[in-house]
Amino acid sequence: YIQDFSKAMSQAGSSQFQEVIRQELEYSMKVELDKILATAHSNEIEHTKKDLEGFKKLFHRFLQEKGPSVDWGKIQRPPEDSIQPYEKIKARGLPDNIASVLNKLVVVKLNGGLGTSMGCKGPKSLIGVRNENTFLDLTVQQIEHLNKSYNTDVPLVLMNSFNTDDDTKKILQKYSHSRVKIYTFNQSRYPRINKETLLPIAKDVSYSGENTECWYPPGHGDIYASFYNSGLLDNLIAEGKEYIFVSNIDNLGATVDLYILNHLMNPPNGKRCEFVMEVTNKTRADVKGGTLTQYENKLRLVEIAQVPKAHVDEFKSVSKFKIFNTNNLWIALSAIKRLQEKNAIDMEIIVNPKTLDGGLNVIQLETAVGAAIKSFENSLGINVPRSRFLPVKTTSDLLLVMSNLYSLNAGSLTMSEKREFPTVPLVKLGSSFTKVQDYLRRFESIPDMLELDHLTVSGDVTFGKNVSLKGTVIIIANHGDRIDIPAGALLENKIVSGNLRILDH
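Note that this is a predicted model, so its numbers are computed, not measured.

S.K.: Can you help me understand the packing of aromatic side chains in this one?
M.R.: Aromatic rings in a pair are described by how distant their centres are and how their planes are angled relative to each other. Applying the stated criterion across every chain, the model contains 15 aromatic pairs. Plain terms: the ring middles of Phe162 and Tyr207 are 5.2 Å apart, the flat faces sit at 70° to each other, and that makes the pair edge-to-face. With Phe162 in the loop between β5 (156–160) and α7 (165–172) and Tyr207 in the loop between β8 (193–194) and β9 (215–216), the pair connects residues that are 45 residues apart, well separated along the chain. Seen in terms of ring centroids, Tyr190 and Tyr216 are 6.3 Å apart; in terms of plane orientation they differ by 85°. Their pairing is edge-to-face. Placement of the pair is Tyr190 in strand β7 (residues 190–191) and Tyr216 in strand β9, with a sequence separation of 26 residues. The same class applies to Tyr190 and to Tyr216, which are both buried. Among the aromatic side chains, those forming a connected cluster through ring pairs are Phe55, Phe59, Phe62, Tyr190 and Tyr216. The cationic tip of Lys282 hangs over the ring face of Phe315; the distance from NZ or CZ to the ring centre is 5.2 Å. One residue, Arg442, lies across the ring of Phe433, its end atom 5.5 Å from the ring centre.

S.K.: Which parts of the structure should I look at to understand empty space enclosed by the protein?
M.R.: The method is simple in principle: a probe with the dimensions of a water molecule rolls over the atoms, and the space it marks as empty is what remains. The tally for this structure, following the rule as stated, stands at one cavity of 30 Å³ or more. Taken as a whole, the largest cavity holds about 40 Å³ of empty space. Along its surface, the largest cavity is lined by Lys109, Thr139, Gln142, Ile249, Asn251, Leu252 and Ala254.

S.K.: What is the right way to read helix α10 (residues 258–265) from this model?
M.R.: Along an α-helix, residues three or four positions apart point the same way, because every turn accommodates 3.6 residues. Of all the eight residues making up α10, seven are buried; the element is thus mostly covered by neighbouring parts of the structure. Within the sequence span of α10, burial applies to Leu258, Ile260, Leu261, Asn262, His263, Leu264 and Met265. Between the side-chain oxygen at the start of α10 and the backbone nitrogen of Tyr259 there is a gap of 2.9 Å, and the oxygen is on Asp257.

S.K.: Looking at this structure, I do not really get the domain arrangement of the protein chain. What am I missing?
M.R.: Where interface size is quoted, it is often the accessible area lost as the parts come together. Here the protein chain is described as being made up of domain 1 (72–388) and domain 2 (395–497). The straight-line distance from the C-alpha centre of domain 1 to that of domain 2 is 30 Å. In this assembly, 16 residues from domain 1 lie in contact with 16 residues from domain 2. Carbon and sulfur atoms supply 62% of the area that domain 1 and domain 2 bury against each other, a total of about 1200 Å² over both sides. If you look at where domain 1 meets domain 2, you find five residue pairs in polar contact (both at pLDDT 80 or more). Mapped by element, the contributors of at least two residues to the side of domain 1 that touches domain 2 are β3 (128–130) and α6 (135–150). With four residues, α6 is the largest single contributor of residues to the side of domain 1 that touches domain 2. Of the residues contributing to the side of domain 1 that touches domain 2, the split by class is six nonpolar, nine polar and one charged.

Criteria and thresholds
Residues numbered from 1 in each chain as written. Predicted model: local features only at pLDDT ≥ 70, side-chain atom pairs only at ≥ 80, totals over all residues. Heavy atoms only, no water. Phe/Tyr/Trp six-rings, centres within 6.5 Å; stacked < 30°, edge-to-face > 60°. Helix = DSSP H or I, 4+ residues; strand = E, 2+ residues; numbered from the N terminus. Buried < 20%, exposed > 50% of the residue type's maximum accessible area, 1.4 Å probe, protein only. Lys NZ or Arg CZ within 6 Å of the ring centre and 35° of its normal. 1 Å grid on protein atoms, 1.4 Å probe; cavity = no way out; pocket = protein on both sides within 12 Å on 5 of 7 lines; lining within 4 Å. Points joined across faces, edges and corners; volume = space filled by probe spheres on them. Polar contact = N/O pair within 3.5 Å; in protein donor to acceptor, adjacent residues only side chain to side chain. Domains from an automatic or database assignment. Contact = heavy atoms within 4.5 Å. Buried area = accessible area lost by both parts, 1.4 Å probe. Nonpolar A, V, L, I, M, F, W, Y, C, P; charged D, E, K, R; others polar.

Have a look at this one:
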């Protein structure tokens, strides 16, 4: 049906015919969603209905849009003053009453993700990153330190997904005595759709057992609607809160920055920004990151998925687009409320194809939080130091943050003063290290990496205690071979390969 549909679509010049097909698809979708809703218990009906309404809107836009591409000809470099250097913002210093400014702030962490890419079950935020502390522990410690230092009341809000909500709520009891109010709300739960028929694969509302694969959380762009629908947005406004600082819970560099907050609350020209995006300079590792451009007289986030194929290399160029989005965002609460009530937040749809365990091809429709920048008034980019972008996506990233490259103070990681240069080493651990438990088993202790530039490890390799790595180190165990780096070894600018049990150093 769907192949015939796409064939017919390409042959049919008539937009009338396309419109008929679209209406048929929307009608079929409505029928299926009504069937699903009919299976909900009375206590689930209200929020299931909200979720399915939201999904219907997204699906409608998905059918209307002519693909994700931006018109490459309209993309311009952002005007000079629309992306400010962090140094300039920091140079303004801080006012005496910084506490009153802090009391207007809410910290929001995007906590919908699972640790599956690192071989863990449950929420990613509960993976231990440093001295037994999890991402969530470090976040709570940072805000608690802030509240104690300035005698303030900055709350923490977690946006959970149906995947992470139960486990996160259980763990929150552990912070009941800490000096941080913690709130949670859930992002929506949307049905995955069959790639061929474009209809939901779920037959009822349940999402446990064999139905877990039928549903997905629709990306962090869902924050605006979910935050608003949860009632929490209104409550925080009523308490006098004015801005949220949003970031990914796995970005350990995303701490509350008082200089940026002051710039928002006390803008030099008297006109407040409704949306600030922290960007940072691209390195070769970041060529796929979304970038800020000027598009139809608005700042706009352009992601690689929206770039026409012919221009992808240009998009990746470090010289033309020098910066990328860190997903550290500062947004005015009143603006979210206004735009949400007018249904005026416009975010491009990201079509994310997945193949389920049984081999079925599905798509999930998502949006990204930063894409809404063009809907807000007086938006600004701030080019921040790289240290504010420290995401832990893989065990290679985990090795960096566990090592002596960083010191931990009140929940915040800072680059060690003993490191000669401010960039982090490039670390590539092979597939034997992908899962956290395998990675931990292969290091008896984390090596000294203060003077490391580059580390590549591949194959069955283990590290003894107190190993030092300097310069460029490449360790490759061939298939079937094993390399044990003995305790106390110093490897400086070495290539180790083959089947070495003992190393002459």
